Amino acid sequence: SPACNSRTLCFLQVEVEKGFLRSRLPKLTKYTFLGLGLLLCFIAASFVMILLSGWSTGGQVFVDSADGMRLSQARAGTLGAIGALGAICMAMTRSARTLAYLGPRGFEAVLMVAMCLELFLIVLQHPWYLAKALGLSNPEKVISETIQWTDDKLMLQLDIWVTGCHLMLPIRWVMLWPVEVAVVLFYVGASLGLGSHN
């Protein structure tokens, strides 16, 4: 059997490696499409909840005030950006021209960049860090008391995303490690740079 690197699990022979990546591409595009489809369903459900429970308060996440409205709009924009990035990646999986241009390795690389950007947006949509990023010195006055947006909820969201990437995407860890590094950097950077809620 062809030899492979014991650390990266990549085949040492270039042609064998290219052949392996080509053979895995249909499965990768299929599960990418499926996983991001689930993400879009979650985003759509979030917007429905926001619309049903009050747009001005972002679904009762923020108090009904000028700052609350500004944060509600910013959070809706961030959720929209998460959905838009997911939709773009979904469209890539259905574009034979794009896949042919990128090649299997290029598609994996673009996908990993997108997954890292999604992590950044997940941190940014957290009400506390969003308020701090927009310059509010006392976010607790704008975030609704009925909603407890502590860091553990954000960490759970980040964990779901990273675990989902590992379980859904048939990609070897050598291409997934940027996601693992990014999740730590984004969370630690937000908690130290903006100030943690906890």
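The sections below set out a description of the structure shown in this document.

## Regarding the nonpolar core
No. 1: By size, the foremost hydrophobic cluster in this structure holds 50 residues, and its most contacted members are Leu 111, Met 112, Met 115, Leu 119, Leu 158, Trp 161 and Ile 171.
No. 2: Among the secondary structure elements, those contributing two or more residues to this core are helix 1 (14-53), helix 2 (66-93), helix 3 (96-124), helix 4 (127-133), helix 5 (151-168) and helix 6 (173-195).
No. 3: Not counting residues up to four positions away in its chain, the partners in contact with Leu 119 are Leu 158, Trp 161, Val 162, Val 179, Ala 182, Val 183 and Phe 186.

## Notes on the state of the cysteines
One way to say it: the disulfide is the covalent bond shared by the sulfur atoms of two cysteines.
No. 1: Taken as a whole and judged by the stated rule, the model has zero disulfides.
No. 2: This cysteine, Cys 41, is not joined by any disulfide, and Cys 89 carries the nearest cysteine sulfur, 16 Å off.
No. 3: For Cys 41, a relative accessible area of 53% corresponds to the exposed category.
No. 4: Among the cysteines around Cys 165, which has no disulfide bond, Cys 116 carries the closest sulfur, lying 8.4 Å off.

## Some words on the packing of helix 3 against helix 5
No. 1: One way to put it is that helix 3 packs onto helix 5 with a least axis distance of 10 Å and a crossing angle of 165 degrees. Taken as axis vectors, helix 3 and helix 5 run roughly antiparallel relative to one another. Crossing geometry of helix 3 relative to helix 5 is assigned as right-handed. Counting all contacts with helix 3, which are made through Met 115, Glu 118, Leu 119, Ile 122 and Val 123, the residues of helix 5 involved are Leu 154, Gln 157, Leu 158, Trp 161, Val 162 and Cys 165.

## As for the packing of aromatic side chains
No. 1: This model, assessed by the stated rule, comprises one aromatic pair.
No. 2: A centroid spacing of 5.6 Å and a plane angle of 65 degrees characterise the contact between Phe 120 and Phe 186, whose relative ring orientation is edge-to-face. Here Phe 120 is found in helix 3, whereas its partner Phe 186 is found in helix 6, with 66 residues between them in sequence.
No. 3: Classification of Phe 120 as partly exposed rests on a relative accessible area of 40%.
No. 4: Classification of Phe 186 by relative accessible area gives partly exposed; the value is 28%.

Cut-offs and rules
Residues numbered from 1 in each chain as written. Predicted model: local features only at pLDDT ≥ 70, side-chain atom pairs only at ≥ 80, totals over all residues. Heavy atoms only, no water. Core = buried A, V, L, I, M, F, W, Y, C linked by side-chain atoms within 4.5 Å. Buried < 20%, exposed > 50% of the residue type's maximum accessible area, 1.4 Å probe, protein only. Helix = DSSP H or I, 4+ residues; strand = E, 2+ residues; numbered from the N terminus. Contact = heavy atoms within 4.5 Å. Disulfide = S-S within 2.5 Å. Axes fitted to C-alpha atoms, helices over the stretch in contact; angles between N-to-C directions. Parallel < 35°, antiparallel > 145°, perpendicular 65-115°, else oblique. Left-handed = near helix turned anticlockwise from the far one by under 90°. Phe/Tyr/Trp six-rings, centres within 6.5 Å; stacked < 30°, edge-to-face > 60°.

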